[in-house]
Amino acid sequence: MVTQLSRRQWLGTCATVAGTTAIAGCSGSDENGNEEDEHGDSDGEESSSSDWPMYGVDLQNTGYHPDATGPAGDEVIERKVIDTEMTGLYPITIGDGMLYGTNAGQSIYALKLETEEIKWKGNVGGSTIVHDEMIYGPVSDETLYGYDTDSGDQWESEQNNSVSAFVTQPIPTSDGIFIASDDAIWRFDFDTGESTKVIDTPLANVTTEWPAFDDKTLYIGRSAGLHAINVDTPEIEWTFEPDNGGSVAASNPVVVDGTVYVVNTEERLHAIDTDTGEEEWAVDVDIAGGSPAVAEGMVYLTGPRSVVAVDINSGSIEWEAGDDVALEPYDAVVASGICYVATSFRMWGYDADSGDLIWKYERPDDSEIRFSASPTVFDDTIYAPSSDDTLYAIEDA
């Protein structure tokens, strides 16, 4: 642990660990004797275990985990895991036996899955992304924050006074942490916390929240166009704009096998060649601006009253389901042959191949559950934060 801490720039006061305050650069509490494997996805590779390290599972935003398992039966129930003090606004992440979440009160927590006890808490909240024994994601006052996964010790970057605000979630890669402001892409150094402008980009009033990253290229929607930005050269390799005029910035792109998938606000799903930026196919899906998941030859989209699966080769709709999907559903995720969909009050598990309904969860009439993010699937359980200040597990009845 000492070696790990010595290679990072620890600034400010560290997180509260097991009831005591860890000072910057210290090793944390006595609990921290566990061996930690390096986790988080490497560039271009899917997760190799049942961990769920980030939104979309991997840097390509696929939303697909081949090894994670949810409930196995046809009936599920909810179980309260912990009080989160305030609403969790981002999907839960999981790595090496630990669960990480944040809440709207700008704090972060790490929970031991085996005991479901809080191991440490931090005082800056935001998205959580597990990468190389660190949690990245929280951003405040043009400063990027990280936490050691084991001790909770807090790392922070230098403050970037050149921007008024960062507009995307940070993307940690082997080349550094990338994050977009309203007119540029920035790279943060893991060791020093220093930020460097990678490239100026078109000024945008709407931007993809979670860019996709693959093979040194960042895929990001800004206003009407989807841009492929090579962060190594650096250059904007191509820009795609839908021919029907709809913006793609409200959709988080997905990259799989040389194709990027994105939805525009005119309800059309586009498949775009990553080399040329040329459209391979497009299909009307009656869903505006959703973020797709891609698994086993299919693209999955959710929208009010609809779940749609599209064949990635032909661009044809294979199945539609979800007649009772009310309100705006969160982004779908796929694991072990099941497509999981959640709205504020309900959750569904569909057979990913056929669209057949396997199970449905509907909150009890006397419950205050209101799911507030996409589900996370792990070890026969689904984890989801709720606006009643609670983290819930959805399990077999």
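Definitions and limits used
- Residues numbered from 1 in each chain as written.
- Predicted model: local features only at pLDDT ≥ 70, side-chain atom pairs only at ≥ 80, totals over all residues.
- Heavy atoms only, no water.
- Pairing = 2+ DSSP bridges.
- Helix = DSSP H or I, 4+ residues; strand = E, 2+ residues; numbered from the N terminus.
- Axes fitted to C-alpha atoms, helices over the stretch in contact; angles between N-to-C directions.
- Core = buried A, V, L, I, M, F, W, Y, C linked by side-chain atoms within 4.5 Å.
- Buried < 20%, exposed > 50% of the residue type's maximum accessible area, 1.4 Å probe, protein only.
- Contact = heavy atoms within 4.5 Å.
- Salt bridge = Lys/Arg side-chain N within 4 Å of Asp/Glu carboxyl O.
- Patch = residues over 30% accessible without salt bridge, like charges linked within 9 Å, V, L, I, M, F, W, Y side chains within 5 Å.
- Areas by Shrake-Rupley, 256 points an atom, 1.4 Å probe, with all protein chains shown as cover.
- Lys, Arg positive; Asp, Glu negative; His and termini not counted.
- Charge placed at Lys NZ, Arg CZ, Asp CG, Glu CD.

Asker: How would you explain the sheet that holds strand 16 (residues 195–200) if you had to name every residue and give the values?
Answerer: Strand order in the open sheet formed by four strands is 13-14-15-16, and the pairing between neighbours is antiparallel. With partners counted over all chains shown, the strands left at the sheet margins are strand 13 (171–173) and strand 16, one partner each. Between one strand and the next, the sheet's axes are offset by a mean angle of 25 degrees, whatever the strand orientation. Where strand 14 (residues 176–180) and strand 15 (residues 184–188) come together, four bridges link them in antiparallel fashion.

Asker: Just give me the short version of the nonpolar core, but keep the residues and values in it.
Answerer: In this structure, Leu99, Met347 and Tyr383 are the most contacted members of the largest nonpolar core, which totals 31 residues. Secondary-structure elements contributing two or more residues to this core are strand 4 (76–83), strand 7 (107–112), strand 29 (333–335), strand 30 (338–342), strand 32 (357–362), strand 33 (376–378), strand 34 (381–386) and strand 35 (390–396). The greatest single-element share of this core, amounting to four residues, is contributed by strand 35. The residues contacting leucine 99, other than those within four sequence positions of it, are Ile92, Thr93, Ile94, Tyr109, Ala110, Leu111, Leu113, Tyr383 and Leu391. If you look at the next biggest cluster of nonpolar residues, it comprises 17 residues, including Ala293, Tyr300, Val325 and Tyr350.

Asker: Describe in detail the pattern of salt bridges, supporting the description with residues and values.
Answerer: Per the counting criterion, the structure on display carries 11 salt bridges. Glutamate 395 is the salt-bridge partner of arginine 79, the closest N and O atoms lying 3.0 Å from each other. Here arginine 79 is found in strand 4, whereas its partner glutamate 395 is found in strand 35, with 316 residues between them in sequence. Relative accessible area serves as the criterion here: at 28%, arginine 79 is assigned to the partly exposed category. A salt bridge links aspartate 243 to arginine 268; the shortest N-O distance between them is 3.1 Å. With aspartate 243 in the loop between strand 20 (235–240) and strand 21 (254–256) and arginine 268 in strand 23 (residues 268–273), this residue pair connects regions lying 25 residues apart in the sequence. The exposure class of aspartate 243 is exposed, given its relative accessible area of 64%.

Asker: Give me the lowdown on a negative patch on the surface, citing residues and values where you can.
Answerer: Together, Asp74, Glu75, Asp379, Asp380 and Asp396 line one region of the surface with negative charge. Turning to its location among the elements, aspartate 379 is positioned in the loop between strand 33 and strand 34.

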